[in-house]
Amino acid sequence: MSDMMSYFLLIVGCVIGIGYIFHNLVVKGNRCTSTAKLHGKTVIVTGSNTGIGKKTAINLATRGARVILACRSQQRGEIALAEVMEESRSKEVVFMQLDLGSLKSVRTFAENFLKTEDRLDLLINNAGILLQGKTEDGLGMMFGVNHIGHFLLTNLLLERLKTCGPSRVVTVSSVGHNFGKIDFKCLNTHKALGTGTSFWQTMQIYSDSKLCNVLFTHELAKRLQGTKVTCYSLHPGAINSELSRNSSNVLKALLKPITAFFFKNTEQGAQTTLHCALQDGIEGLSGRYFSNCTVRDLYPKAKDDVAAKKLWELSERHSGLV
Ligand SMILES: NC(=O)c1ccc[n+]([C@@H]2O[C@H](COP(=O)([O-])OP(=O)(O)OC[C@H]3O[C@@H](n4cnc5c(N)ncnc54)[C@H](OP(=O)(O)O)[C@@H]3O)[C@@H](O)[C@H]2O)c1
Ligand SMILES: *[C@@H]1O[C@H](CO)[C@@H](O)[C@H](O)[C@H]1NC(C)=O
Ligand SMILES: *[C@@H]1O[C@H](CO)[C@@H](O)[C@H](O)[C@H]1NC(C)=O
C-alpha cells in the first residue's frame, strides 16, 4: 500500500473515531431514566409508523402499556404494527387510522377510540410534517396537521383523560419554534400561518406551526388547572428521521454527512418525549417546554398569555369545535 493511501486511511479512521466519540459524548443527549411500568394503561401515539413516534411506541409497549398507533396510512401503519409488536414483545398494540390533515378523520378516530377503548392515560401528539400545501379542509398543511389536528384531537379526548387522571398530554414541538411567529391576520384571511413555497418560507411556516404547539401547551395547562391532567411540549433534538423526505434532493445530499455525525438516531430522539410522558414529579411543571430531558425557559413570545388565548380561540373556530 502506498504511503498516501495509509495516510488517507489513517485520517479517515481518525475522523470516524472522533465523530463516534463526539456523537456519544455530545449528540446522544440525556436519556429518560424512568423505570415506570404501564400495565393497564392506554396510550395514543400519533405518527407512530416511523421516526421517533415509532420508537416512542415501542418503548411504551415494552413497559406494558396498551399502545394505539394513530397513523394516516393503513399500509404503513400495519407494517409498523407488526414491528412494534415484535420489538416490544407485546400483543397490546393496535393500529387505528388517523389523518390529522382531515377534521373528519380526527373526529372519526376519536369516536372510534372512545367507543372501543376504556381508558386514556397518555396522549402523545408526535406527528409532524414539513411540507407546503393545503389540508382537506383548506387549512395550511403545517398549521392543519402539526397544530389544528392535534388541537382537535386533544379536545375530543380531554374528558377521557380527566376521568383517567393522573394523565398527560405530550406535544412534540421543535427548537425551531424560536424562529416562529403567529400572523393572526394571515390565519384569518388564508387559514394558514404564512404563504409562499420557497425553502425559507417553508421553514418559516414550519417554525410557526411549532410555536403553535408550545402556545397550545401553555394555554392547555391553564385550562387543566384543578384536574389531574398535565401537559408538556418539547424539542426532541436534531434527529435522523424521515422529516426531510419532501425536501429537495440537493438539501438531502448536503444533510447526509451532517446527520450521520451530528444528529441523534430515532431511539435517542424519543428520550425527551418519554421523559415528559413518564418522569415522576414533573406535574408542577405542567405547560412547560423540555429539551434534552430538561425543562427549559422560553422566550416571552412562546409563553405569551394573550397570544396563547387568541390562538386557542381561533383554533376552536378553525377546527369546528365551536
Ligand atoms: N427530525 C427532527 O430533527 C425534528 C426536530 C424537531 C422536532 N421534530 C418533530 O418531531 C416529530 C416527529 O418527527 P420525526 O422526526 O419522527 O419525522 P418523521 O420520521 O417524518 O415522522 C413523522 C410522522 O408524522 C406522520 N404524519 C405526517 N402527516 C400526518 C398526518 N396528516 N396525519 C397523521 N400522521 C401524519 C408521518 O406519517 P407518514 O409516514 O404517513 O407520513 C410520520 O409517522 C414531528 O412533530 C417533528 O416536527 C423533529
Ligand atoms: C444533554 O445534556 C448532557 C448533560 O447535561 C450534556 O452532556 C449533553 O451535551 C446535552 N446534549 C444535548 C444534545 O444537548
Ligand atoms: C413526500 O415524500 C413522500 C415519500 O418520499 C412521497 O411519497 C410523497 O409523494 C411526497 N409528497 C410531495 C407532495 O412531494
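Bear in mind the structure is a predicted one, so any value in this text is a computation, not a measurement.

1. Quick word on the site of ligand 3
Taken together, Leu131, Arg245 and Asn246 are the residues near ligand 3. At a separation of 2.5 Å, an oxygen atom of ligand 3 approaches a polar side-chain atom of Asn246. With the chains in place, 30% of the 360 Å² that ligand 3 exposes on its own is no longer accessible.

2. Topic: helix α2 (residues 51–62)
Here α2 is 12 residues long and its end C-alpha atoms lie 17 Å apart, about the 16 Å a rise of 1.5 Å per residue gives. Of all 12 residues that make up α2, 9 are buried, and the element is covered over most of its length. Gly51, Ile52, Gly53, Lys54, Thr56, Ala57, Ile58, Leu60 and Ala61 are the residues of α2 that are buried. Gly64 lies just past α2 and shows a positive phi near 100°.

3. Observations regarding helix α10 (residues 271–278)
Most of α10 sits inside the fold, with 8 of its 8 residues counted as buried. Residues of α10 that are buried: Gln271, Thr272, Thr273, Leu274, His275, Cys276, Ala277 and Leu278. Against the buried residues of α10 lie α2, β4 (122–125), β5 (167–172), β6 (229–235), α9 (266–269) and β7 (289–291).

4. Some remarks on the pairing of strand β3 (residues 93–97)
Pairing of strand β2 (residues 66–71) with β3, which is carried by 5 bridges, proceeds in the parallel orientation. Bridging across to β3, Leu69 finds its partner in Phe95. Since β2 and β3 lie parallel, the crossover through helix α3 (residues 74–88) that links them has a hand, and here it is right-handed.

5. Here's the deal with the packing of α2 against α3
The interhelical angle for the contact between α2 and α3, taken along N-to-C directions, is 40°, at an axis separation of 9 Å. Taken together, the axes of α2 and α3 lie oblique to each other. Classified by chirality, the crossing of α3 by α2 is right-handed. Contacts between α2 and α3 pair Lys54, Lys55, Ala57, Ile58, Ala61 and Thr62 from the former with Ala80, Glu83, Val84, Glu87 and Ser88 from the latter. Along the lines of polarity and charge, the residues of the contact of α2 with α3 split into 5 nonpolar, 2 polar and 4 charged.

6. Section: the sheet that holds β6
Pairing is mixed in the open sheet, where 8 strands are placed in the order β3-β2-β1-β4-β5-β6-β7-β8. The sheet is open, and its two edges are formed by β3 and β8 (294–296), each paired on a single side. Adjacent strand axes in the sheet meet at a mean angle of 25° when their direction is disregarded. The sheet strands contacting α3 are β2 and β3, and the helix crosses β3 at an angle near 165°.

7. Section: the pattern of salt bridges
Under the criterion given, the structure shown has 14 salt bridges. The partner of Glu117 in a salt bridge is Arg66, with the nearest N and O atoms 2.8 Å apart. Separated by 51 residues along the polypeptide, Glu117 in the loop between α4 (103–116) and β4 and Arg66 in strand β2 bring together distant segments of the chain. Measuring nitrogen to oxygen at the nearest pair gives 3.0 Å for the salt bridge that ties Glu313 to Lys309. With Glu313 and Lys309 both in helix α11 (residues 305–318), this residue pair falls 4 residues apart, about one helical turn. Among the residues examined, Glu313 registers a relative accessible area of 31% and is labelled partly exposed. A cluster of three or more residues bridged by salt bridges with shared partners is formed by Arg66, Glu92 and Glu117.

8. Description of the packing of helix α5 (residues 141–163) against α11
Where α5 contacts α11, the axes come no closer than 10 Å and their chain directions differ by 85°. Classed by the angle they form, the pair α5 and α11 counts as roughly perpendicular. Contacts between α5 and α11 pair Phe143, His147, Ile148, Phe151 and Asn155 from the former with Leu311, Trp312, Leu314, Ser315, Glu316 and His318 from the latter. A class-by-class count of the residues in the contact of α5 with α11 yields 6 nonpolar, 4 polar and 1 charged.

9. A look at the site of ligand 1
As a structural note, the neighbourhood of ligand 1 is formed by 30 residues, with Asn49, Arg72, Arg76, Tyr206 and Ser241 the closest of them. At a separation of 2.9 Å, a nitrogen atom of ligand 1 approaches a polar side-chain atom of Asp99. Burial of ligand 1 by the protein amounts to 96% of the accessible area it has alone, namely 900 Å². Counted by class, the shell around ligand 1 contains 12 nonpolar, 12 polar and 6 charged residues.

Calculation rules
- Residues numbered from 1 in each chain as written.
- Chains lettered and ligands numbered in written order.
- Predicted model: local features only at pLDDT ≥ 70, side-chain atom pairs only at ≥ 80, totals over all residues.
- Heavy atoms only, no water.
- Near = heavy atom within 4 Å.
- Polar contact = N/O pair within 3.5 Å; in protein donor to acceptor, adjacent residues only side chain to side chain.
- Areas by Shrake-Rupley, 256 points an atom, 1.4 Å probe, with all protein chains shown as cover.
- Helix = DSSP H or I, 4+ residues; strand = E, 2+ residues; numbered from the N terminus.
- Expected span 1.5 Å × (residues − 1).
- Buried < 20%, exposed > 50% of the residue type's maximum accessible area, 1.4 Å probe, protein only.
- Contact = heavy atoms within 4.5 Å.
- Pairing = 2+ DSSP bridges.
- Right-handed = clockwise from strand over helix to strand, strands pointing away.
- Axes fitted to C-alpha atoms, helices over the stretch in contact; angles between N-to-C directions.
- Parallel < 35°, antiparallel > 145°, perpendicular 65-115°, else oblique.
- Left-handed = near helix turned anticlockwise from the far one by under 90°.
- Nonpolar A, V, L, I, M, F, W, Y, C, P; charged D, E, K, R; others polar.
- Salt bridge = Lys/Arg side-chain N within 4 Å of Asp/Glu carboxyl O.

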